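A look at the structure
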Amino acid sequence: MKRGVLIIFVAILIPCLLQAQTTPNDPQRLTLEQAVNFAVEHNKELQASQMNIELRNKMVTEAISQGLPQINGDLNYSTNFRYKMSFPGSESSTVLKDQSSVGVTVNQLLFSGEWILGIQTSKIAKLIASQQVDVTELDIKETVYNSYYTILVSERLMEIVKQNLENMSQIQRHTENMLAAGTAEPTDVDQIRITVGQLKNSLLAMQRTVDVNYNLLRLQLGLQAGTPITLADQLDNFLEVGKFDINQNAQYKLMETQEELQKKMVGLKKWAYSPTISANYGYTYKILKPSLDFSPKHSATITMSIPIFSGLQRKAQLDQEKITLEQTTLNKSLLADQLNLQEEQYKFALKNALEDYNLQSENIQVARKVLENYQYKYNAGAVSSLDLTQANNNYLTAENNYTSACLTLLQAQTQLEKLYNELK
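The notes below deal with the structure included here. Position numbers for residues count from 1 along each chain, tracking the sequence in the order it is written. It should be noted that, the model being predicted, local features are given only for residues of pLDDT at least 70 and side-chain atom pairs only at 80 or more, the latter also being counted only at that level, while totals for whole chains, interfaces and linings use all residues. Each side-chain value is derived from all of the structure's non-hydrogen atoms; neither hydrogens nor water enter the calculation.

1. Digging into helix α5 (residues 186–221)
The condition is simple: A run of H or I in DSSP counts as a helix once it spans at least four residues, and a run of E counts as a strand once it spans at least two, with each numbered from the N terminus. By definition here, a helix of n residues has an expected span of 1.5 Å times n minus one.
With 36 residues, α5 ought to run about 52 Å at 1.5 Å a step, and its terminal C-alpha atoms sit 53 Å apart, in line with that. Positive phi appears at G222, one or two residues downstream of α5, with a value of about 80°.

So, in structure tokens, the structure goes:
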């Protein structure tokens, strides 16, 4: 019975082990959306940036805690090494006893304008950290977009060269047969052979380029080197452009928050002129008491600290923050002008890229028809091998121009979407 159970357990376990061994080697298919989401979750640069939010959370807690009750305990013990104290005019003396006490002190800040504004400032600093994460995330998204598009374009061009290589290899074999039959010249074979060799070299170079781009994408996704991945999306065009709202731009929102923070810093320096009120309560229990004990067990004080004169230090600090605020406001206005100018430039670049893409799309169709016509004429002996290779080179050039135009178009669209904060 036990042996039968063991056989069933092994039969179940072996497929699971085989699946565990093969799963890590299976290529991970990623759409562009999945790649972006994966990068946002696993990119190490973004993870380090996100830690700043938690750091700011702790700073907010620290700022708040300064206004909470501060409770301290103390335990004291003192000895006079049994010192005998004599009284003047008397022969009697007394031995000073050892003393020991335990106490607790409670301090509570009742009012401080700097503390209140300090909490508000720390919360704005936390918001800035969050917005900086948004900016970093947007940069990573743009990088993933461009890497993804570059791989798709490179793979498409590599597939074109591979198909062209197969076609030219077939023409080479056909030409060699014609040479054996005495209907072709040796130079025809040499010309076709050189073209085939060039295509093989181009294909190897493209494969290395694709491998490099995949490694770059793995780095952006936070994957280990060599992790197999494939791209699930096809090379599509996204040409819808929305209306620009500068308030949605990540950099502009960050600048607005920095301006708000600077306003709080000015207010913080103004509150430095205000008084601070605090309360203190103490309780002491005597464990070992002296012979004569006049100190009370309970004590409480309320203190108002009024700043009067600090050698113009506070005024200088306030003036510095005011100047910084003016600089921040000017920088925000400058950024708005720059972003509006960028929008016009990016739209212009997108329009040019779209026009070039349409032109190259027509050019590639013409070049393909010309090549097919020359192949037909070459098989019929109507054109030379030089004419055929020239037509083939023109076709490959058209394919290369088309893929470059396609990549330029996608990159132009990506940078405009980044400006609009629409890289989802």
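Picking up after the structure, the text goes on.
2. Observations concerning the packing of aromatic side chains
Cut-off, in case you're wondering: Pairs were defined over the aromatic rings of Phe, Tyr and Trp, the Trp ring being its six-membered one, requiring ring centres within 6.5 Å. Orientation was assigned from the angle between planes: stacked under 30 degrees, edge-to-face over 60, tilted for the rest. Only protein chains enter the accessibility calculation, which uses a 1.4 Å probe; a residue whose area is less than 20% of its type maximum is buried, one above 50% is exposed, and one in between is partly exposed.
Applying the stated criterion across every chain, the model contains two aromatic pairs. Aromatic pair Y145 and Y149: ring centres 6.0 Å apart, planes at 90°, arrangement edge-to-face. With a gap of four residues between them, Y145 and Y149 both fall in helix α4 (residues 113–181), about one helical turn apart. Using a relative accessible area of 8% as the deciding quantity, one classes Y145 as buried.

3. Some details on the pattern of salt bridges
Side chains that differ in sign of charge can pair as their charged atoms come close. Rule in force here: Within this document, salt bridges are pairs made up of a side-chain nitrogen of Lys or Arg and a carboxyl oxygen of Asp or Glu, the two lying within 4 Å of each other.
For the structure shown, the criterion picks out five salt bridges. Between E137 and K141 there is a salt bridge, with the nearest N and O atoms lying 3.3 Å from each other. Of this pair, E137 and K141 both sit in helix α4, four residues apart, roughly one helical turn. The exposure class of K141 is buried, given its relative accessible area of 12%. The closest approach of N and O atoms between R193 and D190, which form a salt bridge, is 3.3 Å. Here the residue R193 and the residue D190 both occupy positions in helix α5, the gap between them amounting to three residues, near one helical turn. Overall, R193 belongs to the partly exposed group, its relative accessible area being 44%. Here D190 falls in the partly exposed class, since its relative accessible area comes to 34%. Salt bridges linked by common partners bring R156, R368 and E399 together as one network.

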